[in-house]
Amino acid sequence: MNKKGFTLVELLAVIVLIAIIGAIGTYGIMGVNKNIKEQLWAGKVDLIKTGAEQYGDENKNLLKGNCIIKEKDVSNCMEVTVGNLIEKGFVTTKEKDDTGKGIIKNDATNKVVNEEKVFIYLENDVVYSEF
């Protein structure tokens, strides 16, 4: 008998293999995408901390209060919001809200962090920040 075409079992086997390969590829791409978003966010955190330290260095006279940072009482400290640092020009961003105001978004969670607090403190005459 002369065979023309594929059997149903052969077609199903090919479809299952394509589905498995597609699932593996999708999972890999999602992992890469997540890593990229986490790295973008880490870069933004560094940008925020650097801007906060510059702000603190220019305003050492304001570092007079006490703050609790990671359950530790720290003196010569102040807190500002990310939005304040953007408004004062110590953190730059290309992201804007609907009104055109500068914002920073957490790429991993897609949440705007302008109202998040940044702690700036003085230790051994060096300004540090914690976000």
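Here goes a summary of the coordinates provided. Just so it is clear, the model here is predicted, and its values are computed rather than measured. (Residues numbered from 1 in each chain as written. Predicted model: local features only at pLDDT ≥ 70, side-chain atom pairs only at ≥ 80, totals over all residues. Heavy atoms only, no water.)

The next thing to look at is a nonpolar patch on the surface. Together, Leu8, Leu12 and Ile15 line one region of the surface with nonpolar side chains, adding up to about 320 Å² of accessible area. Along the chain, the position of Ile15 falls in helix α1 (residues 8–58). On the accessibility criterion, Ile15 (54% relative accessible area) is exposed. (Patch = residues over 30% accessible without salt bridge, like charges linked within 9 Å, V, L, I, M, F, W, Y side chains within 5 Å. Areas by Shrake-Rupley, 256 points an atom, 1.4 Å probe, with all protein chains shown as cover. Salt bridge = Lys/Arg side-chain N within 4 Å of Asp/Glu carboxyl O. Helix = DSSP H or I, 4+ residues; strand = E, 2+ residues; numbered from the N terminus. Buried < 20%, exposed > 50% of the residue type's maximum accessible area, 1.4 Å probe, protein only.)

Our focus in this paragraph is the state of the cysteines. Such a bond, covalent and formed between the sulfur atoms of two cysteines, is termed a disulfide. One pass over the structure, following the stated rule, counts one disulfide. Through a disulfide, Cys67 is tied to Cys77; the S-S separation comes to 2.2 Å. The sign of the S-S torsion, about -100°, decides the handedness of the disulfide formed by Cys67 and Cys77: left-handed. In this pair, Cys67 sits in strand β1 (residues 65–69) while Cys77 sits in strand β2 (residues 72–81), placing the two residues 10 residues apart along the sequence. (Disulfide = S-S within 2.5 Å.)

Topologically, Asp107 is positioned in the loop between β3 (105–106) and β4 (111–112). Here the side chain of Asp107 touches Lys44 through a polar contact of 3.2 Å, side chain to side chain. (Polar contact = N/O pair within 3.5 Å; in protein donor to acceptor, adjacent residues only side chain to side chain.)

The pairing of strand β5 (residues 117–123) with strand β6 (residues 126–130) spans five bridges and is antiparallel. When the bridges of β6 are listed, Ile120 appears paired with Ser129. (Pairing = 2+ DSSP bridges.)

Attention shifts here to α1. Side chains of residues three or four places apart in an α-helix project in the same direction, reflecting 3.6 residues per turn. The end-to-end C-alpha distance of α1, which contains 51 residues, comes to 75 Å, matching closely the 75 Å that a straight helix rising 1.5 Å per residue would cover. Within α1 the residues assigned to the buried category are Trp41, Lys44, Val45, Ile48, Gly51, Ala52, Tyr55 and Gly56. (Expected span 1.5 Å × (residues − 1).)

Geometric values such as these leave the question of function open.
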